[in-house]
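Chain residues, written in single-letter form:
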Amino acid sequence: MIFRNLPVPTSVRERVTPRHLVAFGLGWLALFFVLPILVLVWQSLGIGTGEPLSAYQQALSGLYLWTIVRSFYYGIATTIVTLALAYAFSYFVVFWTSMKNLFLILVVLPLWIAYIIRYLGIQLFFSPTGPFVDLFGTDFGFLFSTRGVILGMTIAYLPFAILPIYNSMNAIDRDHIHASRVLGAGSLRTVYSVVFPLSLSGIVAAGLIVFILSSGSFLAPAVLGSSENFMIANMIERSYTELFNIELAAALSVIYTIILLALIAVFNSYVNLGEVFENI
Amino acid sequence: MLEITNLTKYYGDHLAVEDLSFSIEEGDFATLLGPSGCGKSTTLRTIAGLIEPTEGTITLRGEDVTNLPPDQRNIGMVFQSSALFPHMTVKENLAYGLKMHGLDDEVDTRVSEYLDLVEMSGYEDHKTTELSGGQQRRVSIARALAYEPDILLLDEPLTGLDRVLREQIRNEIKQIQREINVTTLFVTHDQQEALSLSNQIIVLNNGQKEQEGTPESLYEHPKNRFVAEFVGKSSRFTGQPDDTKPSVIQNGSLTFAVDPESIPDTSPNTDGADVTLYVRPEDVVIDTSSTFQNEFDATVSHIADVGSHSEIELELEDGTPVLVEAERFPDLSVGEQTTVGFDPEDVIVL
Amino acid sequence: MKLYKVAEQFAAWLVAVIVLSLLLVPIVMIVLTSLTPESFPTIPDGDVTLYWYSEMLSNTELMQALVTSFLVATCAAILSGIVGTVAAIGFVRSEISYREELATLMLLPLMISPVITGLAIIQFSSQADLPSGYPTLIIGHSILTLPYVFLIVRSRLVTFDDDLREASRVLGANGLETSLNITLPVISPTVISAMVISFVVSFGEFTATQFLIAPDATTVPVIIYTMLRAGLSPEISALSTLLIAIMVLGALISGAVTRST
């Protein structure tokens with residue numbers, strides 16, 4: 001079947017340009033995303049209440065300030081652990097196996113499965129009736145602790161780190177490595193002086209993604225941590241649903257997002273975020 | 001039939017085509033020839049309506065089409081990549097153009113007629129992605145011709161094919177064009193394709209027309225050094241005209257006899273300026289038994305047999321290379337001392 | 001040297017096994033514990049039962065949530081499929097200033113924490129008098145999945161052969177006819193695959209969704225979370241296994257559609 005002689009007036013057809021399509025997409029995003037965010041920013045200011053900006057005062061002191069610090073601390077810890085594992089794994093898949101596709105499928109598969117289910121699986125693994133306690137008699141403090149939250153986020157975001165690192169490493173010309181080996185460099189030295197520099201863009205991309213995702217995680221502390229492990233996302237949720245303090249929830253959101261966007265802006269000069277996400 | 005007047009195209013600050021004018025008569029096979037980046041593809045796309053010219057007009061069959069969109073120009077075009085629609089069969093590809101031209105009733109007859117023309121009968125229901133490179137070009141040509149456009153535009157349609165296939169499809173294009181006598185404009189960077197296919201060639205360089213004419217006139221009477229060097233092979237010498245003897249060009253120890261009439265007026269041959277001489281390989285004779293007015297000692301430096309003939313490269317005493325087309329498998333060997341000779345009438349002076 | 005090689009190989013394999021276990025063991029745990037005959041989620045030793053699945057199927061609240069999740073995910077996938085594809089076509093074809101910066105804007109829902117997105121949308125929706133429940137859920141999920149469609153379709157369009165469009169125009173089709181007859185059919189497998197991904201993302205989304213639900217419109221992940229708060233149970237594992245099956249099916253469909261081109 002072929003569409004033709006459509007009853008669309010020429011005037012309309014000639015006037016719809018790619019710019020209009022862009023405008024439609026951005027307009028949708030602006031109406032249902034950017035505008036709501038701006039409303040949230042407005043609410044955070046608390047104009048009209050007795051004390052404007054008091055929410056910010058509250059958010060930047062005591063418990064809340066500690067939560068913000070903790071979020072970025074957890075984010076950095078998760079990023080480091082995840083990158084180390086992802087790098088070693090990618091190196092193995094690229095240079096040691098002949099079944100690259102199988103390994104990649106196994107890495108991508110968990111991405112299809114909801115976070116809440118994967119976190120639940122981790123909790124089941126370490127639960128008192130689970131196989132880990134069965135085997136060792138203790139969970140080594142993995143459940144409802146800092147360790148558990150960071151392990152959970154590492155597991156959740158590992159695929160996001162493996163894929164860009166794998167891609168950049170796989171793109172390295174094998175001749176460079178052979179050349180380095182022929183020139184007498186050992187394999188560790190080859191990794192350090194050839195593979196690492198050439199896969200750096202993938203590492204930065206992976207680190208950025210993992211950091212963005214983990215520092216904003218809600219489910220990892222909620223399922224695998226205790227209230228002492230709450231991160232900023234949990235505080236925002238609690239301020240809204242339990243304290244009914246929308247100004248505080250909004251202020252926390254604004255502070256967190258500004259810090260994060262500033263970090264992204266710094267790294268964005270090094271890697272294009274669009275390309276980063278496209279790798280996945 | 002097709003008239004291009006003062007066509008100019010800027011991409012931002014970059015001038016792609018500058019003040020180009022030419023025309024093509026009904027039934028002609030014309031070629032836009034030039035190196036990559038010379039503006040030939042831009043010109044073709046402007047004619048198709050895919051690019052808007054900055055200035056100038058395009059007239060097709062007496063009608064000014066400069067501001068018409070491509071779908072209202074009745075043009076057939078074959079792209080470098082074939083551009084067959086991957087989600088349609090061969091027949092559907094041809095039917096697409098026919099239906100868009102309101103020829104629904106004739107789809108079946110035209111499809112079989114034009115597939116027959118390109119010798120692709122029986123491939124109606126094949127997916128286009130299953131076809132070989134050569135077959136894709138053929139279907140692409142049939143698709144461009146099936147609705148009988150006013151003019152056929154070919155944008156380097158032989159790119160990416162191996163040499164044997166290139167020649168085969170080149171001959172088929174020529175044959176089809178003769179058969180249905182469709183006015184054709186062909187774009188290529190390959191002078192051999194241009195010479196063998198067209199009866200009119202427009203040589204472009206840096207967005208400007210260098211020369212226009214029949215293949216014969218371009219080959220034998222190039223107007224400038226660019227055309228002389230781009231169209232056909234030749235040996236190249238430089239030298240100073242001699243004020244006292246108008247038929248002689250001097251270059252150190254070498255003296256060339258030329259036809260005095262051929263020295264261009266524009267070249268100031270009285271003040272001792274450099275001129276360039278070109279001699280086509282088929283006009284040079286090796287191991288001269290008869291005497292030529294131009295005769296030089298030479299050493300064979302390279303022999304390449306290309307089957308039908310052989311191309312021999314020699315060096316004059318001062319190292320200037322000379323290219324000769326000779327019978328195949330000549331009785332020569334590299335390093336051998338011999339002589340080369342050519343007639344003054346065969347020297348192109350520019 | 002030889003020993004060094006062996007050690008290196010051992011280390012490489014060890015890392016691979018650890019990473020793959022980390023990724024896959026949690027999923028396997030869910031499936032196994034859903035089959036336990038015990039009343040708490042443990043790995044069954046020999047005896048397996050589908051009892052918890054029948055429990056789940058007779059739980060009307062769960063079944064209602066499944067229907068809701070299905071409806072929301074379908075509508076969100078269609079919406080983001082349309083908006084994301086239109087935007088991607090626009091961005092690839094137009095030469096506007098700040099094109100890359102504006103394209104990055106389209107990815108913001110991926111970067112901003114879903115807690116904030118959910119909070120912003122529910123606030124906006126209540127202030128704009130949007131009906132709560134389905135409309136808010138669907139619009140919210142369409143925003144969360146929009147970046148996926150946009151990214152995937154855009155990268156397909158970049159490799160789309162511009163000659164195909166131009167050929168269609170020269171063959172006599174106008175711009176709209178070309179889009180409908182050529183562009184859309186050629187990119188449709190990619191669009192469908194992107195919409196399947198959107199469906200799966202929407203189906204499993206919890207963090208933003210917890211703000212957007214209404215009493216008559218609750219999704220499965222929210223039910224799982226609520227049940228989890230009350231304590232672990234094999235019924236949660238059974239429900240989660242069902243979700244895993246749906247999501248893996250989505251992965252297979254997406255893979256098959258993409259491979260067909």
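Thresholds, definitions, all that
Residues numbered from 1 in each chain as written. Chains lettered and ligands numbered in written order. Predicted model: local features only at pLDDT ≥ 70, side-chain atom pairs only at ≥ 80, totals over all residues. Heavy atoms only, no water. Helix = DSSP H or I, 4+ residues; strand = E, 2+ residues; numbered from the N terminus. Buried < 20%, exposed > 50% of the residue type's maximum accessible area, 1.4 Å probe, protein only. Contact = heavy atoms within 4.5 Å. Areas by Shrake-Rupley, 256 points an atom, 1.4 Å probe, with all protein chains shown as cover. Lys, Arg positive; Asp, Glu negative; His and termini not counted. Charge placed at Lys NZ, Arg CZ, Asp CG, Glu CD. Core = buried A, V, L, I, M, F, W, Y, C linked by side-chain atoms within 4.5 Å. Pairing = 2+ DSSP bridges. Phe/Tyr/Trp six-rings, centres within 6.5 Å; stacked < 30°, edge-to-face > 60°. Lys NZ or Arg CZ within 6 Å of the ring centre and 35° of its normal. Buried area = accessible area lost by both parts, 1.4 Å probe. Salt bridge = Lys/Arg side-chain N within 4 Å of Asp/Glu carboxyl O. Axes fitted to C-alpha atoms, helices over the stretch in contact; angles between N-to-C directions. Polar contact = N/O pair within 3.5 Å; in protein donor to acceptor, adjacent residues only side chain to side chain. Patch = residues over 30% accessible without salt bridge, like charges linked within 9 Å, V, L, I, M, F, W, Y side chains within 5 Å.

As a further point, take the overall build of chain C. On a plain count of helices and strands, chain C comes out with 12 helices and zero strands. The helix and strand sequence of chain C, counted from the amino end, reads α-α-α-α-α-α-α-α-α-α-α-α. Across its three principal axes, chain C shows a C-alpha extent of roughly 70 × 70 × 30 Å. Out of the 261 residues belonging to chain C, those deemed buried represent 57%. Counting contacts in chain C only where the partners sit at least 6 residues apart, residues at least 24 apart contribute 71% of the total. For chain C, the exposed area adds up to about 10,500 Å²; of that, 68% sits on carbon and sulfur atoms. Charge-centre separation for chain C: the mean point of 10 positive side chains lies 14 Å from the mean point of 18 negative side chains.

This next bit is on helix α1 (residues 40-48) of chain B. In terms of burial, α1(B) is a largely internal element, eight of the nine residues being buried. One or two steps after α1(B), the chain reaches B:Gly49, where phi turns positive at roughly 95°.

Let us look at the nonpolar core. One broad trend across soluble globular proteins is that nonpolar side chains are buried collectively. The biggest cluster of nonpolar side chains holds 237 residues, and the ones touching the most others in it are A:Phe89, A:Tyr119, A:Leu252, B:Leu2, B:Phe22, B:Leu153 and B:Leu185. Ranked by residue count, the leading element in this core is helix α8 (residues 146-170) of chain A, at 15 residues.

Residue and element names in this part refer to chain B. Taking every second residue as pointing to the same face, both faces of strand β6 (residues 75-78) are buried, with Ile-75 and Met-77 on one and Gly-76 and Val-78 on the other. Here four bridges tie β6 to strand β7 (residues 151-155), and the two strands are oriented parallel to one another. Bridging from a neighbouring strand, Val-78 pairs with Leu-154 of β7.

Bringing the packing of aromatic side chains into the picture now. Throughout the structure, instances matching the rule amount to 35 aromatic pairs over all chains. Centroid distance A:Phe92 to C:Trp13: 5.0 Å. Interplanar angle 65°. Geometry classified as edge-to-face. With A:Phe92 in helix α4 (residues 62-96) and C:Trp13 in helix α1 (residues 2-33), this pair bridges two chains. Here B:Arg143 stacks its cationic end above the ring of B:Phe85, 4.7 Å away from the centre of that ring. Its guanidinium or amino end placed over the ring of B:Tyr219, B:Arg280 lies 4.1 Å from that ring's centre, counting from NZ or CZ.

Here we take up the interface of chain C and chain B. Each side of the interface is counted separately: chain C has 18 residues, and chain B has 23 residues. Taken together, the two surfaces of chain C and chain B that pack against each other cover about 1,700 Å², and 66% of this comes from carbon and sulfur. Linking chain C to chain B there are three salt bridges. Here C:Arg169 ties to B:Asp71 by a salt bridge, and the two come within 2.7 Å at their closest N and O atoms.

What follows is about the pattern of salt bridges. Applying the stated criterion to the full structure yields 18 salt bridges over all chains. In this structure, B:Asp150 engages B:Arg61 in a salt bridge whose closest nitrogen and oxygen atoms are separated by 2.9 Å. Of the two residues, B:Asp150 sits in the loop between α4 (133-145) and β7 while B:Arg61 sits in the loop between β4 (55-60) and β5 (63-64), which places them 89 residues apart along the sequence. Each of B:Arg45, B:Asp155, C:Asp163 and C:Glu166 takes part in one network of salt bridges that share partners.

What follows covers the sheet that holds strand β1 (residues 2-11) of chain B. Residues and elements named next belong to chain B. On the basis of which strands lie adjacent, the open sheet formed by four strands has the order β2-β1-β4-β5 and antiparallel pairing. Edge positions in the sheet fall to β2 (14-24) and β5, since each has one partner strand and no second. The pairing of β1 with β4 spans five bridges and is classified as antiparallel. What sits directly across from Glu-3, in β4, is Thr-59.

Next up on the list: the sheet that holds β6(B). Residue and element names in this part refer to chain B. In spatial order, the strands read β6-β7-β8-β3-β9-β10; together these six strands make up an open sheet with mixed pairing. Both edges of this open sheet fall to β6 and β10 (208-213), since each of them pairs with a single strand only. Averaged over all neighbouring strand pairs, the angle between strand axes comes to 15°, with direction disregarded. Packed on one face of the sheet, α1 meets β3 (29-33), β6, β7, β8 (183-188) and β9 (200-205) and runs near 145° to β7.

We now examine the interface of chain C and chain A. On the side of chain A, 83 residues touch chain C, which itself brings 91 residues to the contact. Both sides together, the interface formed by chain C and chain A hides about 7,700 Å², and carbon and sulfur atoms give 81% of it. The largest per-residue losses of area from chain C upon contact with chain A belong to C:Leu23, C:Met111 and C:Phe124, which jointly make up 8% of the total buried on that side. Viewed at the interface, chain A and chain C are joined by zero salt bridges. On the surface where chain C and chain A come into contact, there are six residue pairs in polar contact (both at pLDDT 80 or more). The greatest single-element share of the side of chain C that touches chain A, amounting to 19 residues, is contributed by α1(C).

Once that is clear, we can look at the pairing of β9(B). All names here are of chain B. Among the six residues of β9, six are classified as buried, and the element is accordingly described as predominantly covered. Burial along β9 is two-sided: Gln-200, Ile-202 and Leu-204 and Ile-201, Val-203 and Asn-205, pointing in opposite directions, are all buried. Where β3 meets β9, four bridges bridge the pair, whose relative direction is parallel. The partner of Thr-31 across the bridge, within β9, is Ile-201.

Time to look at a nonpolar patch on the surface. Side chains of A:Leu31, A:Leu35, A:Leu38 and A:Val41 sit close together on the surface and give an oily, nonpolar patch of about 310 Å² of accessible area. By relative accessible area, A:Leu31 is classed as partly exposed at 40%.

Geometric descriptors of this kind do not, in isolation, establish any biological role.
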